[in-house]
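# Commentary on secondary and tertiary structure
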Amino acid sequence: MAVELDLSRGCRLNGDLSAPEAALAGAELEEALGRGREGAVEIVLAHRHGSGDGFRRLASPGRLELLGDSPRGLLFGAYATLDELGMRWPWPGERAVDGRAARLDPEELTDAPALPGRCLVLGERALVERADDWITWAARNRLNRLFVHVSTGSDPLGAAPDAVWRERRPEAVALARQRGMTIEYGGHLLPELLPRAQIRALAEGQGPSEAVRRRIVQHVRAHPEADVLHLWGADRPPGARGEDASNAALRTANALAAVAEHARPGTEVPFLAYHDTEEVPRGVRPRGNVGLLFAPRERCYEHALTDPGCRRNRRYRELLLAHVDHFGAADGRPAQVFEYWFDALLFSEGVPDLASTMARDLAFYREAGVHTVQMLATGHRRAPSPHPNPPAFARLAWSA
């Protein structure tokens, strides 16, 4: 049964707002609905102390209760409720208000995301320069992870300069943490951090030298914000192909992850399955803090991954499932997928509207056991204009 709320007098908050996410939920509700006067709708905010993003919403005339599975779940419940009331944030810096009556239907709603991890990847200078706006937008659209994709170069292609991230980092990290976000950092950094001979030694399983340990420890400690640290090899490395290349890359990731774990316990260092390392590294077992990052850049985007008539995508379906089995058997970190639905380098003639493809892809990823799906934004060379793919990703990653 639907409930009509009279919001003409604003809202009055009750509940424990001591957690940063809960305090933000209250502030966002008051900003959108107005601080209450006599006769205002009472909004009761509460949360459990778990880690999920789900929530329960119960409405009655004059009263609204929100219970989050966690503080972040409470925050997302507040944003979902504002969405129901016709208030949305379609693009960073934009707000849309629907003038319909304040009506919630049904009176009781329980909701949780289809994918536990929903990640926005900022992959160029213009995006990192506006990191605060993108973080705010991402949380309002119920994304819970941020990946800052960088290079140490001054003007890299397909990544943001690390120097720009360092300038924006204090404010950006504070905003992300206030919203309970996991922060991922890095990219194709290994050739920028280590000489080729040292990388080759890691790939061959020789173990890190003292010089390598010092350099990696220094890098880990320079980025205390990074819950997940990406230390990928070269974009198109010369040499081995197929399973040999994948085995070498996983040996490297294991060695780096061991050093990172010692420097800062809990740090994850993913293995990147991408281009020459697409094959399953069956000859190497991942460490406990090494997870799969599957990046199917050479897949077909004219069809969804589940399209039975697309031979190329059939290969990527089978590859992902085999990778998930291999890493799952080792009890490694949950699987992640790095997707290119907003990559203006890949779509050099203009990024198409991929909402239909995305919906089917995300449903497949969920069914395959993927924990987190990331959407790369890069190649625009300036702040991108509003486009349907980022909001569609946020919506569909929640509901896939």
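Now for a look at the structure at hand. In this text, all values refer to a predicted model and were calculated from it rather than measured experimentally. (Residues numbered from 1 in each chain as written. Predicted model: local features only at pLDDT ≥ 70, side-chain atom pairs only at ≥ 80, totals over all residues. Heavy atoms only, no water.)

Backbone-to-backbone hydrogen bonds join strands into a sheet, with any given pair of strands oriented parallel or antiparallel. Strand order in the open sheet made by the five strands is S2-S3-S5-S4-S9, with mixed pairing throughout. Sheet topology places strand S2 (11-15) and strand S9 (108-111) at the edges, where each strand pairs with a single neighbour. Going from strand to strand, the sheet's axes swing by 15° on average, the running direction of each strand aside. Two elements, strand S4 (residues 55-60) and strand S5 (residues 63-68), share six bridges in a ladder whose sense is antiparallel. Its bridge partner being in S5, Phe55 is matched across the sheet by Gly68. (Pairing = 2+ DSSP bridges. Helix = DSSP H or I, 4+ residues; strand = E, 2+ residues; numbered from the N terminus. Axes fitted to C-alpha atoms, helices over the stretch in contact; angles between N-to-C directions.)

To continue, consider the packing of aromatic side chains. Within this structure, the stated rule accounts for 15 aromatic pairs. Seen from their ring centres, Trp91 and Phe342 are 6.2 Å apart, and the 80° between their planes marks the pair as edge-to-face. Of the two residues, Trp91 is situated in the loop between strand S6 (87-88) and strand S7 (96-97) and Phe342 in strand S17 (residues 333-343); the sequence distance between them amounts to 251 residues. Neither Trp91 nor Phe342 differs from the other in exposure class; each is buried. Relative to Phe327, the ring of Phe271 lies with its centre 5.7 Å away and its plane at 25°, an arrangement referred to as stacked. Within this pair, whereas Phe271 is found in strand S15 (residues 271-273), its partner Phe327 is found in helix H10 (residues 311-329), the two being separated by 56 residues in sequence. There is no split in this pair, since Phe271 and Phe327 are both buried. Feature note: the residues Trp91, Trp134, Trp137 and Phe342 constitute an aromatic cluster, connected by ring pairs. The ring of Tyr316 is capped by Arg315, whose NZ or CZ atom sits 5.4 Å from the centre of that ring. (Phe/Tyr/Trp six-rings, centres within 6.5 Å; stacked < 30°, edge-to-face > 60°. Buried < 20%, exposed > 50% of the residue type's maximum accessible area, 1.4 Å probe, protein only. Lys NZ or Arg CZ within 6 Å of the ring centre and 35° of its normal.)

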